[in-house]
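Examination of the molecular architecture
Next come the chains, spelled out residue by residue.
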Amino acid sequence: MPPTHLASDTTLMRYAAGALGEGPSLVIDVHLSLCPESRRRADMFEAVGGTLVETLAPSTMKPHAYAEVLQKIDESAPIEPAQPQPTRGELVPGLPVPRALLGYEIGPWRFLAPGLKVSRIEMGPHEKAKVLLLRAAPVTYLPDHGHGGEEYICVLAGSIADQTGHYGPGDLAEADDTLHHQPRVDSETDCV
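Residues numbered from 1 in each chain as written. Predicted model: local features only at pLDDT ≥ 70, side-chain atom pairs only at ≥ 80, totals over all residues. Heavy atoms only, no water.

A few words now on the packing of helix α1 (residues 9–16) against helix α3 (residues 36–55). Helix-helix packing is characterised by the crossing angle of the two axes and by the distance between the axes. Running from N to C, α1 and α3 cross one another at 55°; their axes reach a closest spacing of 9 Å. As the angle between them shows, α1 and α3 are arranged oblique. Crossing of α1 against α3: the hand is right-handed. Contacts between α1 and α3 pair Asp9, Leu12, Met13, Tyr15 and Ala16 from the former with Ser38, Arg39, Arg41, Ala42, Phe45 and Glu46 from the latter. Along the lines of polarity and charge, the residues of the contact of α1 with α3 split into 6 nonpolar, 1 polar and 4 charged. (Axes fitted to C-alpha atoms, helices over the stretch in contact; angles between N-to-C directions. Helix = DSSP H or I, 4+ residues; strand = E, 2+ residues; numbered from the N terminus. Parallel < 35°, antiparallel > 145°, perpendicular 65-115°, else oblique. Left-handed = near helix turned anticlockwise from the far one by under 90°. Contact = heavy atoms within 4.5 Å. Nonpolar A, V, L, I, M, F, W, Y, C, P; charged D, E, K, R; others polar.)

Structural data, given as structure tokens:
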């Protein structure tokens, strides 16, 4: 069954423009790998953005701008590139690691509360967002919470529900600081 909760146009436009951070973009990448309709719309926004860039008039640069950029690069401290550990295998038995997560280091499952485990996905050193995998047992209620900013949830297996709807594999839930909820697992299997 295809996903029924798709990424919003606003989110896809921000994604296509590169205006989401690495963490939210990763969640959207996972959703796009599971949702052909959102993938089609993201491709459309990227094409429109590319067309708009092509129509811009060239801008005049300072006479020595290129040399100044090269000098700043030479003067800057070397940046050690992240050495992501290849991620292979399964997140849980029977659930392969989504392609978008390959190359990210995924931490071990840790106890969070009865019926609830969490695993952290290591992001780049400049990313402020936390990207977590949650694994909740059937009939588990997640903690009652609000949001201090944006939250993106992509269901990989099982399903959850709250006052905004029922979310199954591939569905994307978007929340902001106006939502206060307590999602519950409503599938007979673990929800990831």
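Spatially, the 3 strands line up as an open sheet ordered β3-β4-β5, and their pairing is antiparallel. Edge positions in the sheet fall to β3 (110–113) and β5 (131–136), since each has one partner strand and no second. The sheet shows a mean angle of 35° between the axes of neighbouring strands, taken without regard to direction. Across 6 bridges, strand β4 (residues 116–121) lies against β5 in antiparallel orientation. Considered in β5, the bridge of Val118 is made with Leu134. (Pairing = 2+ DSSP bridges.)

Moving on, we get to the packing of helix α2 (residues 22–34) against α3. The geometry of α2 relative to α3 is characterised by a closest axis approach of 6 Å and an angle of 115° between their N-to-C directions. In terms of crossing hand, the pair formed by α2 and α3 is left-handed. Contacts between α2 and α3 pair His31, Leu32 and Leu34 from the former with Pro36, Ser38, Arg39 and Ala42 from the latter. Looking at the contact of α2 with α3, its residues break down into 4 nonpolar, 2 polar and 1 charged.

Although it is not a glycine, Val139 adopts a positive phi angle of roughly 65°. Following the sequence through the fold, Val139 ends up in the loop between β5 and β6 (151–154). On the basis of relative accessible area, Val139 is assigned to the exposed category, the value being 64%. (Buried < 20%, exposed > 50% of the residue type's maximum accessible area, 1.4 Å probe, protein only.)

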